[in-house]
Amino acid sequence: QDREWCHNMIDEVAQRNFAGVDFDVALKRPLFYTVWLSKETRKVEREELKEFLAARLRVFYEEMLDVKLVVFDEVLEHILRIDRVLRQPMGHLLLCGDAGAGKTVLTKFVSWMNGLNVFQIKAHSKYGISDFYEDLRDVMKRVAIKGEKICFIFDEANCMKSSFIEAMNALLASGEVPGLFEGDEYTALINSCRDSALKEGVILDSEEEIWRRFTSIVQTNLHVVFTMNPSGGDWKNRSTTSPALFNRCVVDWFGTWGPKAMGEVGKEFTLRIDMGDLGGFSYGMGEGEALMNRVAEIFDSNGGLRQAVVAALVDLHMIAKETADHAAAQPSSTNRTFLSPRDYLTLIQNFVSCLNKRRSEVEDEQLHVNAGLHKLQQTQENVAELKKSLGEKTIVLREKEAMANAKLQQMVADQNVAEKRKDEAEKMSTEVQKQQVEINKRKEEAQRDLDEAEPALRSAQASVRGIKKRDLDEVRALARPPENVKLTLECVAIMLGEPTSSWADVRKLLAKSDFIPNILNFDADHLSSKQIKLVREKYLDGNPDLTVEKVMRSSKACGPLYQWAESQVRYSTVYNRIQPLRDEVEQLEKEAGVVKEKLDNVTAEVQSLETSIAQYKADYATLIRDVEALKTEMETVSSKVDRAESLMKSLGHESERWKKSAEGFQAILRSLVGDSLLLASFLTFSGYFDFKLRNMMMDRWKHTLEILGIEYHDELAVVESLSTGKQRVLWQSEGLPGDQLSMENGTILDHAIRFPLVIDPSGNAINFLMKKHETEKIQKTSFLDKAFVKTLAGAVRFGTALLVENVEAIDPILNPLLNKELQRTGGRVLVRIGTEDIDYSPNFKIILTTKNPAVQLTPDVCSRVSLVNFTVTPASLESQSLSKVLRYEKPELETQRAALLKLQGEQNVKLRELEDQMLAKISACEGSILEDDQVVSGMEVLMKEGQAVEEQIAQSDQVMAQVHASVGEFEPFAALCRKVFVLLGALRELSFLYEFSSNSFMAILEHVLEENKFEGSVPDAQRMTKLKAALFSEVVARGARSLKSNDKVVFSVLLARIFASDDSIGSKQYETTDDYVAEVKNIFGQDFPWEGRDDLHSVVEEVDAAVPLLICSAPGYDVSGRVESMAKELDKELSSVAMGSAEGFETAESLVSAAAKRGTWVMLKNVHLCTDWLNETFVKKLQTFGHSTHKSFRLFITSEISPKLPTALLRLSDVIVAEASTGIKPSMTRFISGLTKTRLEKSPIRNRLYLLIAWIHAVLEERVRYGWAYELAESDSGNALKVIDDLVAGLMDPDQIPFDALCTTLKVDIFGSKISNPDNQKIIDSMIESVFTKKAFDLQFPLVPGVSNGPTLPDSCTNQKDMLDWISCLPSTTPPTWVGLAEDAEEALDKATAEEIFVKVGKVSEASEVATSK
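Residues numbered from 1 in each chain as written. Predicted model: local features only at pLDDT ≥ 70, side-chain atom pairs only at ≥ 80, totals over all residues. Heavy atoms only, no water.

Draft legend 1. Just the packing of helix α38 (residues 998-1011) against helix α39 (residues 1020-1039), in detail. Between α38 and α39, whose axes approach to 9 Å, the crossing angle comes to 135°. Compared by their axis directions, α38 and α39 come out oblique. Two packed elements cross with a definite hand, and for α38 against α39 that hand is right-handed. For the pair formed by α38 and α39, the contact residues are Phe1001, Ile1004, Leu1005, His1007, Val1008 and Leu1009 on the first element and Leu1027, Ala1030, Leu1031, Glu1034, Val1035 and Arg1038 on the second. (Axes fitted to C-alpha atoms, helices over the stretch in contact; angles between N-to-C directions. Helix = DSSP H or I, 4+ residues; strand = E, 2+ residues; numbered from the N terminus. Parallel < 35°, antiparallel > 145°, perpendicular 65-115°, else oblique. Left-handed = near helix turned anticlockwise from the far one by under 90°. Contact = heavy atoms within 4.5 Å.)

Draft legend 2. Broad picture of the sheet that holds strand β7 (residues 250-255). Taking strand neighbours across the sheet as the criterion, the five strands line up as β4-β5-β6-β3-β7 in an open arrangement whose pairing is parallel. Here the strands that pair on one side only, and so sit at the sheet edges, are β4 (117-119) and β7. Within the sheet, the average angular offset between the axes of one strand and its neighbour, ignoring direction, is 20°. One ladder, built from four bridges, connects strand β3 (residues 93-97) with strand β6 (residues 222-228); its direction is parallel. Across the sheet, the residue bridging to leucine 93 is valine 225, located in β6. In the packing of helix α6 (residues 129-144) onto the sheet, the strands contacted are β4, β5 (150-155) and β6, and the crossing angle to β5 comes to about 160°. (Pairing = 2+ DSSP bridges.)

Draft legend 3. Structural context of the pattern of salt bridges. Evaluation of the coordinates by the stated rule reveals 45 salt bridges. Note that aspartate 750 and lysine 772 form a salt bridge whose closest N and O atoms lie 3.6 Å from each other. Pair noted here: aspartate 750 is in helix α29 (residues 740-751) and lysine 772 is in helix α30 (residues 764-772), with a separation of 22 residues, a long-range link. Here lysine 1400 and glutamate 1396 are joined by a salt bridge, their closest N and O atoms 2.9 Å apart. Of the two residues, lysine 1400 and glutamate 1396 are both situated in helix α53 (residues 1385-1412); the distance of four residues between them amounts to about one turn of the helix. Take lysine 1400: its relative accessible area is 17%, and that puts it in the buried class. Overall, the relative accessible area of 36% leaves glutamate 1396 in the partly exposed class. (Salt bridge = Lys/Arg side-chain N within 4 Å of Asp/Glu carboxyl O. Buried < 20%, exposed > 50% of the residue type's maximum accessible area, 1.4 Å probe, protein only.)

Draft legend 4. Region of interest: the nonpolar core. Ranked by size, the top nonpolar core spans 142 residues in total, and within it Phe351, Leu677, Ile710, Leu792, Leu814 and Leu848 carry the most contacts. In this structure phenylalanine 351 touches Thr270, Ile273, Met275, Val309, Leu313, Val673, Ser676, Leu677 and Ala680, once residues within four positions along its chain are discounted. Cys977, Phe996, Leu1110 and Ala1155 belong to the second-largest nonpolar core, a separate cluster that totals 87 residues. (Core = buried A, V, L, I, M, F, W, Y, C linked by side-chain atoms within 4.5 Å.)

Draft legend 5. Representation of unusual backbone geometry within the structure. Omega for the peptide link from arginine 29 to proline 30 comes to 0°, which places this bond in the cis form. Along the chain, proline 30 turns up in the loop between α2 (23-26) and β1 (33-34). Positive phi values are uncommon outside glycine, yet lysine 820 reaches one of about 55°. With respect to the secondary-structure elements, lysine 820 resides in the loop between α32 (815-818) and β11 (823-825).

Draft legend 6. Local environment of the side chain of glutamate 264. Mapped onto the elements of the fold, glutamate 264 is located in helix α12 (residues 259-269). Despite being buried, glutamate 264 has no salt bridge partner; lysine 50 is the closest side chain of opposite charge, sitting 4.3 Å away. For glutamate 264, the residues in contact, after removing those within four places along its chain, are Lys50, Val70, Phe72, Asp73 and Ile298. (Lys, Arg positive; Asp, Glu negative; His and termini not counted.)

Draft legend 7. Geometry of the pairing of β5. Counting buried positions along β5 gives six out of six residues, so the element sits mostly inside the fold. Burial of β5 is two-sided: the residues Ile150, Phe152 and Phe154 facing one way and the residues Cys151, Ile153 and Asp155 facing the other way are all buried.

This is the structure:
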């Protein structure tokens, strides 16, 4: 609205002062002016600016901060506004908006664009004003001396003390902080500034000039940007106490993201995800149109499902925010959560994650199921085919057997023939062998003669081979060769078959290239007898002068030729001589050949027969093998068919389930987006809220999806959808309670994107988390731990888990971790912890926890963590109560029940795993299932295991039914425990003081069970009746002492309703309080301790050492004396501390720490004076108490009843409401006892006046008790005593007392100062004037004129004892007439009290009914 007004005013002023301007163009929104796109400031278009910023942002992400920004119109405006201010000297900004709106990131980006260095203080829990001043000095020197331009981003989360803001206020106003530079620091600064100025050529003479230059440069180059959240509690204080934040800063109101901004962010981050929108469906019709219109502007046209999803994201976030605001507005609310844009971004992250993961899971499951069903169908078809093939194979088997018999007969016949022919062949073989022996003998004789001539022939051939060509050429060149040469060559020519042997022909022969080869290859068998005779007679034998030696001497070439000729003739002669023998051998060989040929024929015939027989054997063996194979195959097929049919029958149930699953896949896919939206909303927002609000939000979220037309599953099971059965069983084994809220919280913890902050009053969740992360080497620490920073750094570096206890406010040192402000440098990922950059392990986890269910969370804290609230629900308390009762009453039954519950969970998980394994095996099988024996065998094993598990489940169910029957006797008692616990919680409707934790109730229950031990002979029903009575008696005894007197009656009446299961009890309006009490006693008996057991001796015995005893009383009623008297009586060492000062805080902490170890007692008095210290420090210390605390230690805390008392303290403590006794007598006793003896020994005159003041105070108290409208304060009576001291100081005679002045002062300035009703003033005037008179010093002065038997002042008021003795004689019951009321005033008061009780009973009863539904 403010922005709209501003825009309208701009348009109005422009139109009034500028004529002839087209305002539709000139003032068209959005208006963007910048110097970034040119050298001068000019208007730029949205897309042009977006394109420029997108390019710069990419570099910014790489160099500075990897935090993706969505640049929409509002972001553009903020960026340009920040840029405009940071370009100006003394340009400072105050950015106001929700956490996560982009204040810091946009400032860093613009600073980076303008070349400014960014500075932020590194705050931590011990960061004080001295550290802050040191940082300020450093920044100012960097700016003024080193010449840096710095943007100092100061976030309110780092404002540890109000003095920080005061210093910044001064810095903005004047450029300096008083007292920042003093002494040596000031001198050093002046010298550095002088040197810096000289470097720039500026000469300054005086320190004043140097200082002015220093502050001027600081104001010019230091830009301060404050980032604040207007939702925080300190916003109003800071806006009023720090004027410079507004008059020296440009205020840029980020606020929170509107629907359009959230729509743009939602569109950007969901742009690339597959939503499966097939079109053809209209979204957001009718009631949902308004939601679609919220984001319509960012979609070009009807965006279909995507637009509907973005509209849903926006509305889901807004519903959660409305729920948070609504819950915080409830009277019984003790704390709240804040939602910010960071939560919206987390919602989108969760949605994208859920959608992608679930789509992947569904598609994978669909693929497996369809594949499995296909395989089963294929198997059924294969079985049918195999059955058909069995009949066909039977026919083939018979044919094969017949063929095998035929082959066998043929083989036997051929075998007989072959045997006969073999005999003939053996005889013929013998004859051939004999002939061969003879032939070999004759051959040897012929060969013997040839062997004698052959060596000479070989030698001659070798000599010829050695003839050199040039030697032949020399011979051929001779026209007239020597005779020996000529004759030798003629001889050779004749032997070679030359027709003539003339020298010319010989020379031609020698010229031939094949001359030598012809000689070497010459065959002596070719020499005719004529050639031999001619050669012998003419050349060899007939010429004695022609010898080898002579020829060799004549020619080296002819010598070997002669030798060759001679050896050839000799060899041929021998060869011819043995010719008859050779002919004989030839004839023998022919005869042997004929016989051999016959033998070969017979042998071939035998071989053929044997081949046929072998073939017959092979064929027969093949046929037999085929027959056997067929038989084996048929047996295998038959076995497969039997196994397959058995398998198919066994898989019938799974097959049906898979079919239904397959049929439902399309519906699942259609509702995938809607389901993911609901699951993401649950994970993002539900963790903080109780069970009822979670269900309420879920219903509203579903309605949003319904009107937008986004499909979802009506019966969506959140826990089952986000976790597996195996995970849930594991969680329970690790200690997570099995109730719905705890399981939901376990799921949220498992999926948390941000680090969690766990609210766990009972401590069960902390134990579960320690067990769950045991393998991650989880450590437990707290902000109070001196080694916290070291422990944190180690966990971050090595990737272990860290659990931080008692987190009421987050140490700023954690902010970079919680925001995941990671820096990437040289392949390392770093995070700043304090003053150091630590290597960040992606495995690091930090879990923040608090036991305070009323923890006050700031918007900043809520935006950085995932809140998970483990505050005990009625359902979980009922379960815990049942377990505890069974442990005492039937320990073996409880052990069996717990084991069975665990076993059933494991069995169901195992069964589901087996079904998944079956499906996986079937779908993964390649080809037919029947062809893969491993698959079939594996399936059979899985089926057997599945059957065994089903049998175990059936047996477990039977045993569990028996256990349930036995447990059933105790369940009504556990249900009663639930109702009583709900009632205790509903008492909060009556007073902030009434806080009862689940731990305190369980302590009461354990005490009842311990004091009423099980007696075996008593029937269970009778036993439960006894325990029931004991429980209600103990609950009222302990609970009522924490209540005011009237509320004790209310509590007792409501307990009676639960005890008797009769809602009519107390429903009738009685006339007196005693009537209600009588009805209660009628139910419980006359000894029912409805007023509570507040005897300190008993209380001290029954409370645990770790539980403080908080004694709350009305103002002015000091109960510490009761504690001191008891300590003295029991001889206990008691240390007392009066609280209210810083010294008292330190003393209290040290005393408590020491006493908790030694086992002594400590009493802290009047802690209502230091509630901040209680909340910030002491409660955390109390939460560390546990089993290590000394059993004898007791902590007593006294306080006035104050709404500022921390809820955490009330829940940790055993509270006793100590109400002062009513009536004149006890009131005056308290008043006079509160005066010091020294004061009462000064003057009897003054003492008498003191007694009159005590009377007036008591009368006023009584009138107020009767309902008189008067604001009585203890300080009024104290001031009245001071007036008396001043007016009667030094007076020794009562006649000298200025009664007129005294009465006027008391009537107007003291007791009448707050009265606006004239009638009430008259009563006060009459009351004071009647007693403050000179007659008050007369004997037997009546304090109540006109009333018979009224009190008279004592004769002596010398000291305190005299006064108390007189008061002790007053009646215990004050008549109404003594205080100026009618005699029936008591009856009227009692009636009014009864009416109040009736109203309160209805109020608490209604609250109980609401809580019971959780």
